[in-house]
Every structure is written in C-alpha cells, then in structure tokens.
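# Understanding the architecture of this molecule
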Amino acid sequence: MEKSDTGIQSCATRIRDLHPAEAVRQSLRAIQQTEPHLHAFPWVLPADAIPTVEGGALAGVPFAADDRICTSFAPTTAASKMLAACTPPYTATAVQRLQAAGAVCVGKLNMDEFSMGHTTASSSFGQTANPWDCTRVPGGSAAAAAVVSGMVPAALASDTSGALRQSCALCGASGIRPTYGAVSRHGLVATAPSMDQIGVVARSIEDCALLLSHVAGHDPHDPTSARGETVDDTAALQTGGLSGLRIGIPAAAFGGDLDSETGDRIMQSARVWEAQGATLHDCALPGLEHAAAACYAIACVEANSSLARYDGIRYGYRAPEASSLHELYTRSRSHGFGAAVKRRLLLGALLLTDAYRSRYYQQALQVRQNIRQAFAQAFSHCDLLLLPCAPGTAPRAGGEEDPAATHRAERYTAPVSLAGLPAAALPCGFAKNGMPIGMQLVGKPFGERALIRAAHAFQTQTDFHRQRPEIEGRTQA
Amino acid sequence: MTWEMVCGLEVHAELATRSKLFCACATAFGAAPNTQTCPVCLGMPGTLPRLNRRAVELALRTGLALSCSVTQPSLFERKQYFYPDTPKAYQTSQFAAPLCRDGALVFTQNGVRQQVRIHDIHLEEDAGKLFHPPAQPCTQIDYNRSGVPLIEVVTEPDLRSPEEAVAFLEALRETLLFLGVSDGKMQEGSMRADVNVSLRPRGSDTLYPRVEMKNISSFKAVQRAIAFEAARQTEILQSGGKIHPETRRWDDAAGTSTAMRAKGSAHDYRYFPDPDLPPLKVASAWLEEIRAQTPELAAAKRSRYQAELGLSAYDAAMLTTAPQIAALFEQALPLCPDAKELSNLILGDVLRLMNESGTPADRLRLSPADLASVARLILAGSINRATAQQVLDRVFLDGIDPETYVRENGLAMVDDEAAVQQAVDDVLRQHPQSVADYRAGKTKALRFLVGQTMKRMQGRANPKTVNQLLLKALEALL
C-alpha cells in the first residue's frame, strides 16, 4: 500500500506554482495508465481539448462526474444503451458550479444502468473493477474507484438509494451524500426524484467539504432545492475536540446479516471519537428493517415514471423498422433497457395499479413516514448516528445477478435516502482479505457541518483514507 | 319510462400567459413547428419544471370568480400514459388536491337564472400536436403546444339539455374572456370541451354509467354531440340494453360518435404526486390581491350600463360582446360623458367596421380618445352623422386624428343659412316632379329632396337646417 496526500486543496495550491493545465494533464496521464485495469471512464477529455483555466478557488483541479450527470461537452448516457452517444444541450448545475470555480471535468464515470444495481455489472460499458482487487466489484458507482486509484482527486456522483456511499465503503474513498435539496438536481438524469441527489467523492472528508461548499446552494432551476439553508462546511474543519458531541449507535443496524468483521471494525472506530471527547449512545431506529423494501418499492414506482420518457421518438435509442406506434414503444424500450432496469420498471408499474397500490405503494409511503419519525426521535438525543455502510467488503465480480442482492446491499443506505438526511461514508479499516471497510455517519437535515466536523476529526486521528491500492501492472504516475 | 339526460362538462382553457407552465418558452399561437420548445417541455433527461406564477394567478382568479375555495396546499400529480404528444410520458396535472374546488357558475339562459356547480378547477400542462400528413407513412409532432398552461374546469353533472350545456359554455367563455384568463377560441383550440352524458329514469337521483365524448371543436358541435348521445343511449336502454362507461369520439361532419380504439376502458393513469413540484401553498395576502384586482365581469357591466348610464338592455348586451369593446366604451366615457352617443357610434359604426374589415375584438386598435373625439364633434354640432361615419372610417382604417382631419378637409358642418337657402332653391327648381310628388302626399319625395340638398352642400350642411329651410320653402310653394 502506498501513501499519498494529494488532496484537492494541496492540488489547487500546487497549481499556482505550475502551469495551470498541469494537474489536468497529470490526471489524464493517470487515467491513461490506470483505465486499462479498472475500466471506470466511459468518456475521457481528449488531451487536446483541455480548456483554458482562468482562475477560481479550484483553478485547474481535475474532477469527474458520473454518467447520470448531464454535461454538454460529453455524452451522458446513464450507462444505458437507451441513451447511447446522447449529448445533452445543457450542463448540470453542480458541474457548472465547479467549473465556475475553475475546476476542469476530465471524464464521465461508470455506474450501473440508471444506477439500478450495486456493482456496475449492468452498465452498457461493462464492469468496472475495484482498484484493491480487480476481481472484485467497486460498488454501484466508479467514482470511488477513480478517486482512490489516483485518476482524479475529486468526483461528483449520484446517490439515490446508496450507490455513492456504498462504493466509497468498498473502495476506501470518502464521500458525502448531502441533505435532500442541498445540492441542485438540475441536470441529474432522474430515477427516483424524491431520493435522487448529487454527492461528492474525494480522498478525504476535507476535500469533500471543499467540493460541497462550491456545489451546494439553492438553484432556481430545481424547485426542490432548499432556500436559505447553508451547508457551508469548510468552517467545520477546525479541530479542537469533540466534547459535547453525542453519537448514536442503533443496535438494530448491527448484527444480523452484517459481516462480523465489518461490524467489529465500525464499533472500534467509534472509540476514536470517544477519545476526542464525544459520547456514544444507544439508540433505537424502529422500522429500520423495513426501510430497504420500502425504498425499493418507492424507487421502482418513481423510476417507472421517470424512465417512461425514453421511447426513441425525440432522442435516444429507437428500434429500427417498427411498423406501428405500439411496436415502436415496446421494441425501443425492450431493446434499449437492460434486464435489471426492465424488472424495476415493470414492478414500478405494477405497484401503482389500483390492485396493488394500497398494499405496497401506500404501505411503503407509510414506512417512509415511520423511518423519518424514527430518525427524528433518535436525533432528539443524538447529534449524529453511526451506521454500517455496506453489508461487507467488496464481493467478487461476475456473480449471478440476484435482484435481492441489491436490496441487501442498500440495507444501510436506503433508510437515509428515504429520510433525505445527509450522510458521510468514510474508510475505517481493512479486512483480513485486504479489502477496505467503510462506515456511514448520518446527520440531521442540513446538519452537514456537524457531520463533516466529526468525520474529519476521525481522519485526523487515522490514516485509512490515505491508503492507496497498488494496481497490478500499473506504473505509478 | 321517460329518461332524463344528465350531463357534465370538462372544459380545458389555455391560459393567457406569455410563457409555458413549467418553462420560459413562448405560448404564442401559430409559430413554425418546434420553434417554441426547450429541454424542459421536450422532457429531456435531467430537466426539472419551474412553476409559472402567472399561470397560478390566472387559475386562482378564475376560481375566486366562480366562488371556489382554494385547496391549501394543492398538489401536482403525474398522469401517466404513453402517447407521442406527451414527451415525459406523463402529463403534470392535479388530481387528489386540485387548486380550486366547489364553486358555481351563475348565468341566464333565455332570461332564466341557471346555476351549474363547479367540481374543481385545476392546473395542467397541454400536450403537443400530431399531424398525419396525407401522403406520408408517418406522424409528425409539433411540441410548441407541449407545456402550455391550461386550466381544466370540471362541472358537476348538473346540465339537463344540450341547449343548457351550450349556454353554460358561452357563459364560461364570456367569464374567462372578461377575466383576461383565456381568449376562449374553440376554433384555435384555446378552449376545448369534453362532455359526459348519461341517462336515468326521470325522478331518480342516482347517477348511471356515463359515456365521455371527445373531439368536439365548437359550441354547435357540443349541442349536436349531446343530442346525438342522448338519443343513442335512449335507444339502447329502451331496447333493454345497458350502457357501459366508455370514451367515444365525436365526428361532427358525420354527426355521429364512434367508440374510440383501445385507449382503454377506464384507463388507469397511475396518478401519484409529482416529486419535482413541492405542495403549492398560496399566501393569503396574494389571494386578497388577486381578488381585489379581478376585472369586472360582463353581467356586472351590463347591469351597471343600464342602471347607472341609462343604456338599454340591447345596447348593454352589444357593448359587452367582447371585453375589448367594453374597454373601448369605458375608456372613452370620461372623455365624452354621453354614454348614448358613444354607444351609438360603437354599435352603429365601430362594430360594422370591424365586421367589414374582419377585425376581431382582440385586434381592435381604435383609441378611446379618438372615439370620444368623434362623439364630441357630433355633440357640438360640428359634424353631422354622415360625416361622422366617414371620419370614423378613416380613424379606424388609417388612424388619423379626427379633429385634424375634419379641419383639414373642411368637413365641418356649414351653418351658413344663406348657402343652404341657395341650395334649397336650386334643388326645388331642378326637381319639379319631386315637389309635385311631395305636394301629392309622397313623403319619400322629401327624403330625396333632402338628399339632393345635402349633395349640393357636399354633405356638410346641418341636416336640421336643411330640413327646416326645405320644409319652409315647400310650404311657401303650396
């Protein structure tokens, strides 16, 4: 394992002494060397297309965005054949804000098709590899893999039911899913709009905080983006003890199917906060066990609606030689979508029909209400909650596609999505098999400041986040 | 068994906003295809709706004018179905919590006061338009109309005859026009009506299965469609059959309705609240502002014109055929307080000019100041009616200033008695036969002689003076 501290801030600082485009070129070289092993980038900025960097707090910092985030300068396909080679005429607000600060987008990142999965296996571009072990999966988003392997220091990734956080846990990266509404969804290809968010991934919480401070904030293009709430977080980075901080640990989230090594590691990590003055508390999260199922049901219903527009008529894949309107719809959509997506769309359609609506969809909405209340109750006596992030370390790639597996993989991230709360994913150790173990810290609505403060404090006392994988066959940049 | 017809209407009206319901695209009618579109109204991935405040205001204005209560909060929902004119494969509409509820439209039909209850008024976006070019094996889609804001006014099934339905629609249209909410042009599609018709035994008060009819594009067609449907259902019921709920397509040219192709019996639209649009709460201060700024309705104007200005019911009705006509009248009034004179000019000349030139009310460009000017010239005795018509023609067609025009063209009435006398004498000398006819009792001859005198005076004589002197001269000859 190798150590490196190429954070965004130091990256931005170094750039002032170098040619402004140098960091971008370094990133492109790293991508060139590492891509053959990891297969994380459906699109990379051509070396002769590096834009002139004027200035800004993030001048010259290279970043990547996942393939659900619209960019007018690169195809945005949501890793689906349905949108193959489609380039949108607009760029997502979050990307625009980073660009306004001088950062340069060097690539689009792989993911499961429309984020429906937890391994990238369903991507129309093919599977991405975990940089710690190329036979294993990187999680539902390639962002963590790209960051941890040194290809880019920063990434924007979508998180609906947990892909961003789960992939951080599996790859040893740091990531933040913001409070619902804190970051604009304008330009994010929607799947489940009541849960979709754009989050940030980097090699440290400190870097994440810096990115978040640029992308967060009300956007008139997104009616669900919050007004007047600040998540300005860089101020939260001052250390100085955590006395008074109450961290809740819901027993219900541990045990059961959770890999025991993972559970133990996370529990041990809590002691780091204790040593800094925080107190650990038991707390209950009643209904947690139903959250993943409710999240899945709601996500399927909303995705069925959000993906209904893909019919090949205005853009995207259009089945050739359809002889009727009906055939055009059924063929384009049957051939354009992969199996996992179709399964969810069908389920989503079914759950909203008169016959099933009250039994499943209404129930799921009720569970959502209950979970929200459970979290609110827990936050009445805790400032943060510590939960697992993934059920274990990264599984091997190429396994049998099991619809229930994604369900299980999202067990700890789904409840947070349902409640619209902010959460940080950060590495807290390594398993005997050499793979990273991650944990999830959950905050109150618009409580990113406390979240960042505690997560950063953990990273000042540990160096799991500084570990870098050695990728077999790759010469380091 | 006598059957009673029960009918309800669902009326869609395009709101008179400059931009669409969820984006800034223009709503103007008649642009080249797909030139008023953007990623939002084309349903491109990653786009989000931004609610048009003015659309909400106009919808509220309508609801308040129809005595509805405002639902707080109201919800936007996705009405889901696949059709090429619907780019997101759902229409953003309202369902469980519509903006306005439980109102009524009061109107008169043949002098009798009627009231039709309004179930709800809700906001929704319009779809694009499909064209089926005759020579090509394809369908073309124009998305200019996609996203245009609509209100849907849903009535309770309170209508009992085709005539009543038409009277309701006319009253609703008039209301929307005078509120400035919509231009109500059925032929342009800015107002559309679907009808729901069912029959029940007279005396019963349950509701029987109803048939919906679509594709009705004029008020006359509404009347025909309802009458046809009532007859069709009567025949089925009288022969012992049953009516099943369905949607039928009205074909006005053929005068029949046909079952619509598998668009589904009771299509399940799988409504659910749109997660992209937060629940809509309307601030009470804003509601009060809207209430206070609501324009006066036509019926109120008609009462006021009669009660306060002494105009006849006929005049009041003619002046309120369009809000622009009423506005012209009301804005000219302060400049020329003779309501009757203004009314005469409008009814006699302005409406005629509009007809002759094919100018619809919403393109009327006659300034109230100019109209008042002409009226004042008549009242001051400066010009006679024939001249006034001529002047008004020029004002209407060329936008000239009346007083300048009269002055420059010497159109002012000549009150020179001597000149008139001279003309009278000349005319009487030249038309002895007419004089004889007059003496024989033919009053038509007098009109002819007046006409001839006016001609001699190049139309500028004061008709009163002409009449006076002519009669005097004729008397003298007797």
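Everything numeric here is computed off the predicted structure, so don't read it as measured data. (Residues numbered from 1 in each chain as written. Chains lettered and ligands numbered in written order. Predicted model: local features only at pLDDT ≥ 70, side-chain atom pairs only at ≥ 80, totals over all residues. Heavy atoms only, no water.)

Once that is clear, we can look at the overall build of chain A. When helices and strands are tallied, chain A shows 14 helices and 13 strands. Over its C-alpha trace chain A gives a radius of gyration of 21 Å, about what one expects of a compact globule, namely 23 Å for 477 residues. The C-alpha extent of chain A, read off along each of the three principal axes, is 70 × 55 × 45 Å. Classification of the 477 residues of chain A by burial places 62% in the buried group. Considering only residue pairs separated by 6 or more positions, chain A has 75% of its internal contacts joining residues 24 or more positions apart. Element-wise, carbon and sulfur atoms account for 51% of the exposed surface of chain A, whose accessible area totals about 16700 Å². Here chain A contributes 40 positive and 42 negative side-chain charges, whose respective centroids are spaced 3 Å apart. (Helix = DSSP H or I, 4+ residues; strand = E, 2+ residues; numbered from the N terminus. Rg over C-alpha atoms; globule rule 2.2 N^0.38 Å. Buried < 20%, exposed > 50% of the residue type's maximum accessible area, 1.4 Å probe, protein only. Contact = heavy atoms within 4.5 Å. Areas by Shrake-Rupley, 256 points an atom, 1.4 Å probe, with all protein chains shown as cover. Lys, Arg positive; Asp, Glu negative; His and termini not counted. Charge placed at Lys NZ, Arg CZ, Asp CG, Glu CD.)

Looking now at the overall build of chain B. Broken down by element type, chain B carries 15 helices and 14 strands. With respect to the principal axes defined by its C-alpha atoms, chain B has extents near 90 × 55 × 55 Å. Looking at chain B as a whole, 51% of its 478 residues are labelled buried. In chain B, 69% of the contacts between residues at least 6 apart in sequence involve partners at least 24 apart. In chain B, 54 positive and 56 negative side-chain charges are present, and the distance between their average locations comes to 2 Å.

What follows concerns the sheet that holds strand β2 (residues 69-70) of chain B. Residues and elements named next belong to chain B. The 9 strands are arranged β2-β5-β6-β9-β1-β10-β11-β12-β13 in an open sheet whose pairing can be described as mixed. If you trace the sheet from one side to the other, it starts and ends with β2 and β13 (256-259), each paired once. Bridging between strand β1 (residues 3-14) and strand β9 (residues 149-155) involves 5 bridges; their strand directions are antiparallel. Each residue of the ladder has a partner; that of Val 11, found in β9, is Val 153. Across the sheet, helix α1 (residues 53-65) is in contact with β2, β5 (100-109), β6 (112-125) and β9; its angle to β6 comes to roughly 160 degrees. (Pairing = 2+ DSSP bridges. Axes fitted to C-alpha atoms, helices over the stretch in contact; angles between N-to-C directions.)

Pairing geometry for strand β8 (residues 246-250) of chain A and strand β9 (residues 279-283) of chain A, over 5 bridges, is parallel. Note that in β9(A) the partner of Gly248(A) across the bridge is His281(A).

With that out of the way, let us pick up the packing of helix α6 (residues 205-215) of chain A against helix α14 (residues 448-461) of chain A. Residues and elements named next belong to chain A. Between α6 and α14, the shortest axis-to-axis distance is 9 Å and the interhelical angle comes to 155 degrees. Compared by their axis directions, α6 and α14 come out roughly antiparallel. Packed against α6, whose contacting residues are Ile 205, Glu 206, Ala 209 and Leu 212, the element α14 presents Glu 448, Ile 452, Ala 455, His 456 and Gln 459 at the interface. (Parallel < 35°, antiparallel > 145°, perpendicular 65-115°, else oblique.)

Contacts between chain B and chain A engage 29 residues on the former and 37 residues on the latter. In total, about 2700 Å² of surface goes out of reach between chain B and chain A, with carbon and sulfur atoms giving 58% of it. Across the chain B-chain A interface, the total number found is 1 salt bridge. Close ionic contact of Asp276(B) with Arg185(A) constitutes a salt bridge, the shortest N to O distance being 2.8 Å. (Buried area = accessible area lost by both parts, 1.4 Å probe. Salt bridge = Lys/Arg side-chain N within 4 Å of Asp/Glu carboxyl O.)

This part takes up the sheet that holds strand β3 (residues 77-80) of chain B. Sheet architecture is open: 3 strands sit in the order β4-β3-β14 (chain B), paired in antiparallel fashion. Every interior strand has two partners, whereas the edge strands, β4 (90-93) and β14 (272-273) of chain B, have only one. Where β3(B) lies against β14(B), 2 bridges are found, and the strand directions are antiparallel. The partner of Arg78(B) across the bridge, within β14(B), is Phe272(B). Running over the sheet, helix α8 (residues 288-306) of chain A touches β3, β4 and β14 of chain B and is turned about 65 degrees from β3(B).

So, on to the nonpolar core. Residue and element names in this part refer to chain A. Counting 90 residues, the largest nonpolar core has Leu 156, Trp 273, Phe 375, Leu 385, Leu 386 and Val 442 as its most contacted members. When residues in this core are grouped by element, the largest group, 9 residues, is from α8. Apart from residues lying up to four places away in sequence, Leu 156 is in contact with Phe 63, Ala 64, Ala 65, Asp 66, Ile 69, Ala 94, Val 95, Leu 98, Ile 198, Gly 199, Val 200 and Val 215. (Core = buried A, V, L, I, M, F, W, Y, C linked by side-chain atoms within 4.5 Å.)

For chain B, per-residue confidence averages 92 on the pLDDT scale, and residues scoring 70 or more make up 99% of the total. Scored as a complex, the prediction yields pTM 0.90 and ipTM 0.93. (pLDDT = per-residue confidence, 0-100.)

What follows deals with helix α5 (residues 163-171) of chain A. Residue and element names in this part refer to chain A. By the criterion of burial, α5 is predominantly enclosed, with 9 of the 9 residues buried. All buried positions along α5 are accounted for by Ala 163, Leu 164, Arg 165, Gln 166, Ser 167, Cys 168, Ala 169, Leu 170 and Cys 171. Looking one or two residues beyond α5, the residue adopting positive phi is Gly 172, at roughly 75 degrees.

Turning our eyes to something else, we now look at the packing of aromatic side chains. In this structure the tally under the stated criterion is 18 aromatic pairs over all chains. Here the aromatic rings of Tyr361(A) and Phe272(B) are separated by 6.4 Å at their centres, their planes lie at 80 degrees, and the arrangement is edge-to-face. On the criterion of chain membership, the pair formed by Tyr361(A) in helix α11 (residues 354-378) and Phe272(B) in strand β14 is interchain, its members lying in two chains. With a centroid separation of 5.9 Å and 75 degrees between ring planes, the pair formed by Phe22(B) and Phe76(B) is classed as edge-to-face. Here the residue Phe22(B) occupies a position in the loop between β1 and α1, and Phe76(B) occupies one in the loop between β2 and β3, the gap between them amounting to 54 residues. Members of the aromatic cluster, joined through ring pairs, are Phe114(A), Tyr310(A), Tyr315(A) and Phe337(A). Looking at Lys81(A), its charged tip hangs above the ring of Tyr317(A), at a distance of 4.9 Å from the centre. In this arrangement the basic side chain of Lys79(B) is found over the ring face of Tyr269(B), its NZ or CZ atom lying 4.4 Å from the centre. (Phe/Tyr/Trp six-rings, centres within 6.5 Å; stacked < 30°, edge-to-face > 60°. Lys NZ or Arg CZ within 6 Å of the ring centre and 35° of its normal.)

Counted by the stated rule, this structure contains 47 salt bridges over all chains. Between Arg54(B) and Glu57(B) there is a salt bridge; the shortest N-O distance is 3.1 Å. Here Glu57(B) and Arg54(B) lie together in helix α1, a separation of 3 residues that amounts to about one turn. When its relative accessible area of 14% is taken as the criterion, Glu57(B) is described as buried. Measuring nitrogen to oxygen at the nearest pair gives 2.9 Å for the salt bridge that ties Lys88(B) to Glu125(B). A residue pair is termed long-range when its members are at least 10 positions apart, and Lys88(B) in the loop between β3 and β4 and Glu125(B) in strand β6 qualify at 37 residues. Comparing Lys88(B) with Glu125(B), the two get one shared label, buried. Each of Arg185(A), Arg78(B), Asp274(B) and Asp276(B) takes part in salt bridges that share partners, so that together they form one network.

All names here are of chain A. Close contact between helix α3 (residues 93-100) and α6 brings their axes to 8 Å; oriented N to C, the two are set at 105 degrees. With respect to each other, α3 and α6 are oriented roughly perpendicular. Listed contacts from α6 to Ala 94, Arg 97 and Leu 98 of α3 are Leu 211, His 214 and Val 215.

Residues and elements named next belong to chain A. Strand β3 (residues 62-66) sits mainly inside the fold: 5 of its 5 residues count as buried. Burial along β3 is two-sided: the face carrying Pro 62, Ala 64 and Asp 66 and the face carrying Phe 63 and Ala 65 are both buried. Two elements, β3 and strand β4 (residues 104-109), share 5 bridges in a ladder whose sense is parallel. Paired with Ala 65 across the strands is Lys 108, a residue of β4. Handedness of the β3-α3-β4 crossover: right-handed. (Right-handed = clockwise from strand over helix to strand, strands pointing away.)

On to the confidence of the model for chain A, then. For residues with low pLDDT, the predicted coordinates do not support detailed interpretation. Confidence in the prediction of chain A, expressed as mean pLDDT, is 92, and 93% of residues score 70 or more. Every residue in residues 1-5 of chain A scores below 50 in pLDDT, and together they form 15 contacts with partners more than four places removed in sequence or on other chains.

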